[in-house]
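Each chain, written out:
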Number of protein chains: 2
Amino acid sequence: MRIGELSKATDVPVPTIKYYLREGLLPAGELSSPNQASYGDTHVRRLRLIRALIELAQVPVATVKEILESLDADAEPLHEQIGRAHRALTPTRRLSASDDARAAATTQVTGLIADRGWSVDPEAPALATLIDTVAALRSLGQDNLVAHLDTYADAVERFTQLEIDAVTTNPTRDQLAESVVIGTILGETLIASLRLLAQESISAERWKNR
Amino acid sequence: MRIGELSKATDVPVPTIKYYLREGLLPAGELSSPNQASYGDTHVRRLRLIRALIELAQVPVATVKEILESLDADAEPLHEQIGRAHRALTPTRRLSASDDARAAATTQVTGLIADRGWSVDPEAPALATLIDTVAALRSLGQDNLVAHLDTYADAVERFTQLEIDAVTTNPTRDQLAESVVIGTILGETLIASLRLLAQESISAERWKNR
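What counts, and at which threshold
- Residues numbered from 1 in each chain as written.
- Chains lettered and ligands numbered in written order.
- Predicted model: local features only at pLDDT ≥ 70, side-chain atom pairs only at ≥ 80, totals over all residues.
- Heavy atoms only, no water.
- Salt bridge = Lys/Arg side-chain N within 4 Å of Asp/Glu carboxyl O.
- Helix = DSSP H or I, 4+ residues; strand = E, 2+ residues; numbered from the N terminus.
- Axes fitted to C-alpha atoms, helices over the stretch in contact; angles between N-to-C directions.
- Parallel < 35°, antiparallel > 145°, perpendicular 65-115°, else oblique.
- Left-handed = near helix turned anticlockwise from the far one by under 90°.
- Contact = heavy atoms within 4.5 Å.
- Domains from an automatic or database assignment.
- Buried area = accessible area lost by both parts, 1.4 Å probe.
- Polar contact = N/O pair within 3.5 Å; in protein donor to acceptor, adjacent residues only side chain to side chain.
- Nonpolar A, V, L, I, M, F, W, Y, C, P; charged D, E, K, R; others polar.
- Least-squares fit on C-alpha atoms with pLDDT ≥ 70 in both.

*Asks:* Just checking my understanding: could you explain the pattern of salt bridges for this structure?
*Replies:* Opposite charge on two side chains permits them to pair, given that their charged atoms come into close proximity. Inspection of every chain in the model, using the stated rule, returns 12 salt bridges over all chains. Residue Arg158(A) pairs with Asp154(B) through a salt bridge whose shortest N-O separation is 3.5 Å. Taken together, the positions of Arg158(A) in helix H9 (residues 149-168) and Asp154(B) in helix H9 (residues 149-168) put the pair across two chains. As a salt-bridge pair, Asp150(B) and Arg116(B) come within 3.5 Å of each other at their nearest N and O atoms. Of this pair, Asp150(B) sits in helix H9 while Arg116(B) is found in helix H6 (residues 99-116), placing the two residues 34 residues apart along the sequence.

This is the structure:
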């Protein structure tokens, strides 16, 4: 199909498609004549992925590029490839907490991971974020919430098992990797919005006379 | 304490504290002389909350102001007050999906909420975000993930019950509201980082030979 048809199929304006082509987010079409390119289903899928990343998940263009490069790196072993995409998706947020709170958080988090038998790279950015968050919660006097870390981990493990099963059904490596990226980002929004709705409902019930 | 001591106690630089005072994020200290103000424990706690919101949760200053105003609105019933803070925390992300995907998502989400007996305001921004996310997942061909929405809701309900119990132990309304705000935002980071670690561990195991 031509660029105008690609625009119609994906609801992405032609200038935006041209911008993605220039930025290397979208692979060039096949030249059907010296100044006419032709696009296919892979372009439609890629454009939908780019839109989901940029518009819904609000991932910056540079990170989108990193994720797509990782998806296209066919030579890498699958787990490495997924790991690279994963890292590009991990928010790196740092909050300075007191040394005591950070030490206590590190002990609690490493204990949790050992107890659950998770095999996690000590350099994983999500590990640093988790420790920072626990330390911040402790510094802010939210020990009640931190006490339930194991319950959070337990609930998270339940749906993560299902997520991995669900994406593993993808027939090709490319589609599997794409599912991981989409699932990681949109799954986070899914869980966050379900949590807000559950909080609204449960707190309305619990606090109606307070 | 004086502003220099407040800075030491919270590790927030004096110019930043002055900026928060000017922006009305931090209430003015008590004047101990015409050009000397004195600060107390409420300022320390409030500064820690502001830092957590801005640095860890990356909430924009204008939203922080909205959240703090909601916390300070003592006259409101508790549930309303919490609701206002909650809405300020809800990401409003919109993704256009196909009409079919959106209709299917609306049916699925409203069915889920009815089945679970959740009482949710039809205007809640989290509801729109949830429907959008499900619609986007469907448009992107991730029906496998969407099929597990009920499992996600189930897991989320488990830790939300505990969260509400944990924050309900707060003796005062102000502290309860503060716990809700901190717990809502930092809890999201906590869950997201636990999920990334669980994904890393489970997928390493599952895909090691792929």
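*Asks:* I'm lost on the packing of H6(B) against H9(B) in this one. Help?
*Replies:* Geometry of a packed helix pair, given as the angle between the helix axes and the separation of the axes. Residue and element names in this part refer to chain B. Direction vectors running N to C along H6 and H9 enclose 45 degrees, while the axes themselves pass 11 Å from each other. Judged by the inter-axis angle, H6 sits oblique to H9. For H6 against H9, the interelement crossing comes out right-handed. In contact with Gln108, Val109, Leu112 and Arg116 of H6, H9 contributes Leu149, Asp150, Ala153, Asp154 and Glu157.

*Asks:* I tried to follow the domain arrangement of chain A on my own but got confused; where do I start?
*Replies:* Many descriptions give the size of an interface as the accessible area lost when the pieces come together. Parsing chain A into structural domains produces domain 1 (3-75) and domain 2 (89-208). A separation of 31 Å is found between the C-alpha centroids of domain 1 of chain A and domain 2 of chain A.

*Asks:* When you look at the interface of chain B and chain A in this model, what are you seeing that I'm missing?
*Replies:* Each side of the interface is counted separately: chain B has 93 residues, and chain A has 92 residues. In total, chain B and chain A occlude about 9,100 Å² of area from one another, counting both sides; carbon and sulfur atoms represent 67% of this. Inspection of the chain B/chain A interface yields 4 salt bridges. Here Arg195(A) ties to Glu163(B) by a salt bridge, and the two come within 2.8 Å at their closest N and O atoms. Applying the counting criterion to the chain B and chain A interface returns 22 residue pairs in polar contact (both at pLDDT 80 or more). Mapped onto the side of chain B that touches chain A, the elements with two or more residues apiece are helix H3 (41-56), helix H5 (78-89), H6, helix H7 (125-139), helix H8 (143-146), H9 and helix H10 (173-206) of chain B. If one sorts the elements of the side of chain B that touches chain A by residue count, H10(B) sits on top with 27 residues. Within the side of chain B that touches chain A, the residues separate by chemical class into 45 nonpolar, 29 polar and 19 charged.

*Asks:* How should the relation of the copies chain B and chain A be read in this particular structure?
*Replies:* Look at the two chain copies: a rotation about an axis and a shift along it is all it takes to match them. When chain B is fitted to chain A, the best match, at an RMSD of 0.1 Å, comes from turning it 180 degrees and sliding it 0.0 Å along the axis. On this basis, the relationship between the two copies can be described by a two-fold rotation axis. In terms of C-alpha distance to the rotation axis, chain B has Ala155(B) as its closest residue, with the C-alpha 2.5 Å off the axis. Comparing contact sets, 99% of the residues at the interface of chain B also lie at the interface in chain A, consistent with an isologous, same-surface contact.

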